[in-house]
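Single-letter residue listing:
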Amino acid sequence: MLNRRQLLRRGAAAGLLVAAPAGLIVGGRPGSAEAATAAFTVPLAVPRPLRPARRAGRDLYRLVTQEGEAAILPGARTRIRGFGGTLAPLIVAHRDRPVVVELGNRLAEPFALHLHGGHVPVHSDGHPKDQIEPGGRRTYCYPNAQRAMTLWMHDHTHHAHAENIYRGLAATYLLTDRFEEQLPLPKGQYDVVLQLRDAKFDENNALVYDMHRPEDRPTILVNARPRPYFEVAARKYRLRLVNTANERGFFLRLSDGTQAGAELVQIAADGGLLPAPAPTGALALWPGERNEVVVDFSRYPVGTELVLENLAAFEGETPEVMRFDVVRTAPDPSSVPAALRPAPDLGTPAVRRDFHLAFDPASGQHLINGKPFDISRVDIRPRLNVTEVWTIRNSDTLGIPHSLHPHLEQFRVLSRDGRPPAPGEAGLKDTITVMAGQSAEIALRFTDYTGPYMYHCHMLGHQMMGMMGQMEIVR
Ligand SMILES: [Cu+2]
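Computed from a predicted structure; not experimentally measured.

(A) The arrangement of the packing of aromatic side chains in detail. Within the structure shown, the criterion is met by 12 aromatic pairs. Geometrically, the ring pair formed by Y237 and F297 is edge-to-face, given 5.6 Å between the ring centres and 80° between the ring planes. Note that Y237 is positioned in strand β14 (residues 236–243) and F297 in the loop between β19 (290–296) and β20 (305–310), a separation of 60 residues in sequence. Between F355 and W390, the ring centres sit 4.5 Å apart and the planes meet at 40°, which makes this aromatic pair tilted. Taken as a pair, F355 in strand β22 (residues 351–360) and W390 in strand β24 (residues 387–394) lie far apart in primary sequence, 35 residues in all. Through successive ring pairs, a cluster of aromatic residues spans Y190, F230, Y237, F297 and F324. Lying over the aromatic face of Y140, R138 brings its terminal NZ or CZ to 5.8 Å of the ring centre.

Printed below as a string of structure tokens:
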């Protein structure tokens, strides 16, 4: 349970993030005592896709969750929990070609694998009741019968997932399809996954996990390296931004020395390509979310350095996330089409539901509709193939942002505070963050699979402290 000081601090942190879209960097917390690792001293690690153990109509991956040692900070080894003991691995999958993951749990804690954004049968969703005990195994089947998008895999055990993810159990899962492959977007080495998160290290380079101090994680990691640099060619790149942080929201801008910053052409969100590209100067990325942008580095001469900054950095932190160094020229046959992918028609809504998200200072819990999570309780029973509209209200009195992530389906954002969604939210999404005092309406329709699935806030500390519900999809 949080004490009053922690509560106020948390509230202040939330207020900071609300202010961020105006470009303000203000805050009330003391700076961290942690000595910051100098920025831009290590190169970006670009993940290479894992090789399946077998390819026979489907791709089989044999993964183990285990502790290991990884090189995160320069010249140091850090104890982590990872898939095969490594950090930020990548799986590349193809639409309608199933992926099977045989997972052995070699951790000292239970584990449950969740494919965030996945349209998967209930036995493969990583429901907390299906967790793998230490030494146990489980097979997960992902049909991949869904649009191309950037997904990610992480732990979903009931009480340990926030720490497991913090210690490294997060992988990127990139699903492609023919529709997207035929577009002239940047491909191959010019299509790069950037997994963003924060962390705190002690003087022995060990990861420090304190669920109650999410604002004291001053080291920003990109693909598990601290504030790296990345040498790019003077051409267009597709950057797939994935926020795997427990609770940190990023408000990202690419500084090129001009007032406006570099143009970020958003082409995709959680659920894949937008209907049309959405150019912007800055972009929010909340925990669990994915946003993809195309940046044209040919606008800059070789020798230019551009810094990706987090405008929502806390006081005492530096805003640098990573640096792009334009080091060479390269031919560029890629382009961003004026039309990308229409959002699907989800049908006429027949059911409406309300979700009130708020921290409860009296109990120290985060609640949905006044209740903390109870695994023995089914909160809602959506019917298969019936379109629903969910109104998500953040009624938090301390100013804390909350999000909602329903498993199983992508949704469309209908409105925010009664206004139509911004172009960057006009496609499909699976995680929506709502500021205190604000609301959003989403439309969704559950298809194909029945059974118990979860919906929850993706601020993992909030989820640990109750902000999760259970839905049973029924016929
Ligand atoms: Cu929350």
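(B) Focus on the pairing of strand β29 (residues 439–445). The buried count for β29 comes to 5 of 7 residues, which makes it a mostly enclosed element. Note that β24 and β29 share 7 bridges and pair antiparallel. Across the sheet, T391 pairs through a bridge with E441, a residue of β29.

(C) Examining the coordination of the copper ion more closely. The coordination sphere of the copper ion contains the protein donors H402 (ND1), C457 (SG) and H462 (ND1), at a distance range of 2.0 to 2.2 Å. When the donors of the copper ion are listed by position in the chain, the intervening gaps give H-x54-C-x4-H. The class of C457 is buried, set by a relative accessible area of 0%. A relative accessible area of 1% places H462 in the buried class.

(D) Representation of the nonpolar core in the model. The biggest cluster of nonpolar side chains holds 32 residues, and the ones touching the most others in it are L194, L196, Y237, L254, F297, M322 and F324. Contact partners of M322, with chain neighbours within four places excluded, come to F40, L44, L194, V222, R227, P228, F230, L306, V307 and L308. Core analysis: the next-biggest nonpolar cluster, separate from the first, contains 27 residues, W286, L357, I392 and C457 among them.

(E) Region of interest: the sheet that holds strand β31 (residues 468–473). Reading across the sheet, the 4 strands line up as β28-β25-β30-β31 and stay open at both edges, with antiparallel pairing between neighbours. Pairing within the sheet leaves two strands with one partner each, and these edge strands are β28 (432–434) and β31. The sheet shows a mean angle of 25° between the axes of neighbouring strands, taken without regard to direction. As paired elements, strand β30 (residues 451–456) and β31 share 6 bridges and run antiparallel to each other. If you follow P452 over to β31, its bridge partner there is E472.

(F) Quick look at the side chain of D198. One can find D198 in strand β10 (residues 191–199). A relative accessible area of 1% means that D198 is categorised as buried. Other than its neighbours up to four places away in sequence, D198 contacts Y166, P214, R217, T219, I220, A245 and R248.

(G) A look at the environment of I473. Counting through the fold element by element, I473 comes out in strand β31. The class for I473 is buried, based on a relative accessible area of 1%. For I473 and G451, which are 22 residues apart along the polypeptide, the C-alpha to C-alpha distance reads 5.1 Å. Not counting residues within four places of it along the chain, the set of residues in contact with I473 comprises P382, L384, L408, F446, Y449, T450, G451 and Y453.

(H) How the structure looks around the environment of G316. Inspection of the secondary structure puts G316 in the loop between β20 and β21 (320–329). G316 sits 101 residues away from E215 along the chain, and the two C-alpha atoms are 11 Å apart.

(I) Just the pattern of salt bridges, in detail. Under the criterion given, the structure shown has 36 salt bridges. Between E180 and R240 there is a salt bridge, with its nearest N and O atoms 4.0 Å apart. One end of the pair, E180, is in helix α3 (residues 178–181); the other, R240, is in strand β14, with 60 residues separating them in the sequence. Take E180: its relative accessible area is 6%, and that puts it in the buried class. In this structure, R213 engages D216 in a salt bridge whose closest nitrogen and oxygen atoms are separated by 3.7 Å.

(J) Summary view of the domain arrangement of the protein. One can read the domain layout of the protein as domain 1 (4–39 + 184–329), domain 2 (54–179) and domain 3 (351–473). Taken over C-alpha atoms, the centre of domain 2 sits 23 Å from the centre of domain 3. Taken together, the 24 residues of domain 2 in the interface contact 25 residues of domain 3. Here domain 2 meets domain 3 over a buried area of about 1,900 Å², counting both sides, of which 65% is carbon and sulfur. The largest contributions to the domain 2 side of the interface with domain 3 come from H116, H119 and H127, which together make up 27% of the buried area. For the pair domain 2 and domain 3, the interface holds 0 salt bridges. Summed over the shared surface of domain 2 and domain 3, the result is 17 residue pairs in polar contact (both at pLDDT 80 or more). Mapped onto the side of domain 2 that touches domain 3, the elements with two or more residues apiece are β6 (113–116), β8 (149–155) and α2 (161–166). The class makeup of the residues in the side of domain 2 that touches domain 3 is 10 nonpolar, 11 polar and 3 charged.

How each quantity is defined
Residues numbered from 1 in each chain as written. Predicted model: local features only at pLDDT ≥ 70, side-chain atom pairs only at ≥ 80, totals over all residues. Heavy atoms only, no water. Phe/Tyr/Trp six-rings, centres within 6.5 Å; stacked < 30°, edge-to-face > 60°. Helix = DSSP H or I, 4+ residues; strand = E, 2+ residues; numbered from the N terminus. Lys NZ or Arg CZ within 6 Å of the ring centre and 35° of its normal. Buried < 20%, exposed > 50% of the residue type's maximum accessible area, 1.4 Å probe, protein only. Pairing = 2+ DSSP bridges. Donors = N, O, S within 2.8 Å, 3.2 Å for Na, K, Ca; no water. Core = buried A, V, L, I, M, F, W, Y, C linked by side-chain atoms within 4.5 Å. Contact = heavy atoms within 4.5 Å. Axes fitted to C-alpha atoms, helices over the stretch in contact; angles between N-to-C directions. Salt bridge = Lys/Arg side-chain N within 4 Å of Asp/Glu carboxyl O. Domains from an automatic or database assignment. Buried area = accessible area lost by both parts, 1.4 Å probe. Polar contact = N/O pair within 3.5 Å; in protein donor to acceptor, adjacent residues only side chain to side chain. Nonpolar A, V, L, I, M, F, W, Y, C, P; charged D, E, K, R; others polar.

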